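The primary structure of each chain is shown beneath.
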Amino acid sequence: MKDSDVDTDGRLIFQELMTLVQLPSKADGGSTKRYMSQRRAWSPESDILIASGKLDPAKQTYHKYLKNKVAYGGHVYSQAGLAASKAFADMQAAQKDPPRTKFGIHTIHGYFSEAGLVDKPFIYHVTTVAPNPGFHNLLVTVRQPIPSSTNESGDHFPLEDANLPLGPVCFNALVSFRPTVPSQHVAQEISPQKRFADVLGSRPPSEWDYAPHVDVAKTVKDHPMQNVGTFPLVDMRKVDLSAFNKGKSLHERRELILYRILAPLPADDPNAHICTHAYEADRNGLLMVGNHIGFGHDLGRAASLSYSFVVHVNPQDAIMTHGEDEWWIQEACFPRVEAGRGVIMSKIWSPKGVHVATEYQDGIIQRQWKPGEKQGRLGKL
């Protein structure tokens, strides 16, 4: 089946959205690999209006609306992992005796320093930190051009954009790679498929509501979803766990997000699958924290600071199959909130109940300031 044969409701698939073009190396002997994104990142703000039927992305004026809109953080995060994997593959291919052992992304530890914008590309610089044969570490530094793309549509970025003056670093990440290794022992907790069997078995996965465009209680109420929206790469559904969470402390609460890829991904490229998992896991995370601590109707600010994604299995075990019943589970919990920040930790489970990866994200989560409050002196939340 061709990608073009897959019905995605207009949502971009991995092969369309995440493509990178390699740029010429700078005058450093080629030790730094450079890449540029080619497609516009997803915009959560615009999707609120699209999914609620108030904005038509097919209109010719849509690109003007997107100017200076903030990009989804999961885009630069997962694409940084892809840039590192491309650079790593080039390094291996250049060796006189390329290793026969298959390597895959082991961890991505990322830090957001500036908001990315959707109307310009991301420029990725990849350098080697540690070339340990069994544990390669690469540093990815990301910047964007100061002006908008030379393509007025703000999409399909031309190579000329790479010559524009660059702004400050907006994101950086350490990406590590590990080879496939046989397991001497396997241990994990009971899967959510078993722990939440009653609620998950109450209906087919595709009958749960679509994951909210932006999961803020007031936004969901004021802009009810009329369609699936434009979130790319995966189909996401949110399980209703309100009965389970009722009366529980924050750290005991859970959210379950079901997801499956919109179109087939190459089975010989596990890193594409791993980066897709990481892309999905970033959506609505801190916003769910806000809902659970009572900020859903007066949210002031939510912004990722750091995001870590750890793969626990061999690379090939993170591969997703495209199909009606190939639903993965993101199991989210919320262990800590203080100092204006919150943590979301998510476990990624395969359709067969294997704990494949864990996401740990820390970020700003604050309600609106009340009259008379002094900013920076809220105290404990």
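Structural data are supplied above this passage.
A few points on the structure. (Residues numbered from 1 in each chain as written. Predicted model: local features only at pLDDT ≥ 70, side-chain atom pairs only at ≥ 80, totals over all residues. Heavy atoms only, no water.)

Details of the overall build of the protein chain
Along its length, the protein chain carries 10 helices and 12 strands. Radius of gyration (C-alpha) of the protein chain: 21 Å, near the 21 Å computed for a compact globule of 381 residues. Across its three principal axes, the protein chain shows a C-alpha extent of roughly 60 × 55 × 50 Å. Across the 381 residues of the protein chain, 48% fall into the buried class. A separation threshold of at least 6 residues defines the contact pool for the protein chain, and within that pool the share at least 24 residues apart is 74%. Side-chain charges in the protein chain split into 42 positive and 41 negative, and the spacing between the mean points of these groups amounts to 6 Å. (Helix = DSSP H or I, 4+ residues; strand = E, 2+ residues; numbered from the N terminus. Rg over C-alpha atoms; globule rule 2.2 N^0.38 Å. Buried < 20%, exposed > 50% of the residue type's maximum accessible area, 1.4 Å probe, protein only. Contact = heavy atoms within 4.5 Å. Lys, Arg positive; Asp, Glu negative; His and termini not counted. Charge placed at Lys NZ, Arg CZ, Asp CG, Glu CD.)

A word on empty space enclosed by the protein
Under the criterion given, the structure shown has three cavities of 30 Å³ or more. Computed from the structure, the largest cavity encloses a volume of approximately 60 Å³. In terms of lining, the largest cavity is formed by R11, Y210, A211, V228, F231, V234, D235, M236 and R283. (1 Å grid on protein atoms, 1.4 Å probe; cavity = no way out; pocket = protein on both sides within 12 Å on 5 of 7 lines; lining within 4 Å. Points joined across faces, edges and corners; volume = space filled by probe spheres on them.)

A word on the nonpolar core
Counting 60 residues, the largest nonpolar core has Y124, F171 and F309 as the members making the most contacts within it. Per-element tally for this core: the top contributor is helix α4 (residues 73-93), with eight residues. (Core = buried A, V, L, I, M, F, W, Y, C linked by side-chain atoms within 4.5 Å.)

Observations concerning the packing of aromatic side chains
Under the criterion given, the structure shown has 13 aromatic pairs. Consider the rings of Y72 and F231, whose centres lie 5.5 Å apart with planes at 80 degrees: the pair is edge-to-face. Highlighted residues: Y72 in the loop between α3 (62-65) and α4 and F231 in the loop between α7 (217-222) and β7 (234-238), separated in sequence by 159 residues. For the pair formed by Y72 and F231, the shared burial category is buried. Centre to centre, the rings of Y77 and Y307 are 3.8 Å apart; their planes meet at 15 degrees, and the pair counts as stacked. Of the two residues, Y77 is situated in helix α4 and Y307 in strand β9 (residues 299-311); the sequence distance between them amounts to 230 residues. With respect to burial, Y77 and Y307 carry one shared label: buried. (Phe/Tyr/Trp six-rings, centres within 6.5 Å; stacked < 30°, edge-to-face > 60°.)

Focus: the environment of I293
Along the chain, I293 falls in the loop between α10 (285-292) and β9. C-alpha separation for the pair I293 and V175, spaced 118 residues apart in sequence, amounts to 32 Å. Sequence-distant contacts of I293, defined by excluding residues within four places in its chain, comprise L250, V337 and I365.

Points about unusual backbone geometry
Non-glycine residue N68 carries a positive phi angle of around 65 degrees. Inspection of the secondary structure puts N68 in the loop between α3 and α4. One non-glycine residue, A339, lies in the positive phi region at around 55 degrees. As for its position among the elements, A339 is in the loop between β10 (328-338) and β11 (341-349). The exposed category is assigned to A339, whose relative accessible area is 59%.

Some remarks on α10
Of all the eight residues making up α10, seven are buried; the element is thus mostly covered by neighbouring parts of the structure. Residues of α10 that are buried: G285, L286, L287, M288, V289, G290 and H292. Turning to α10, the residues buried within the fold contact α8 (242-245), β8 (255-261), β9, β10, β11 and β12 (355-367). Phi for G294, located one or two positions after α10, is positive at around 90 degrees.

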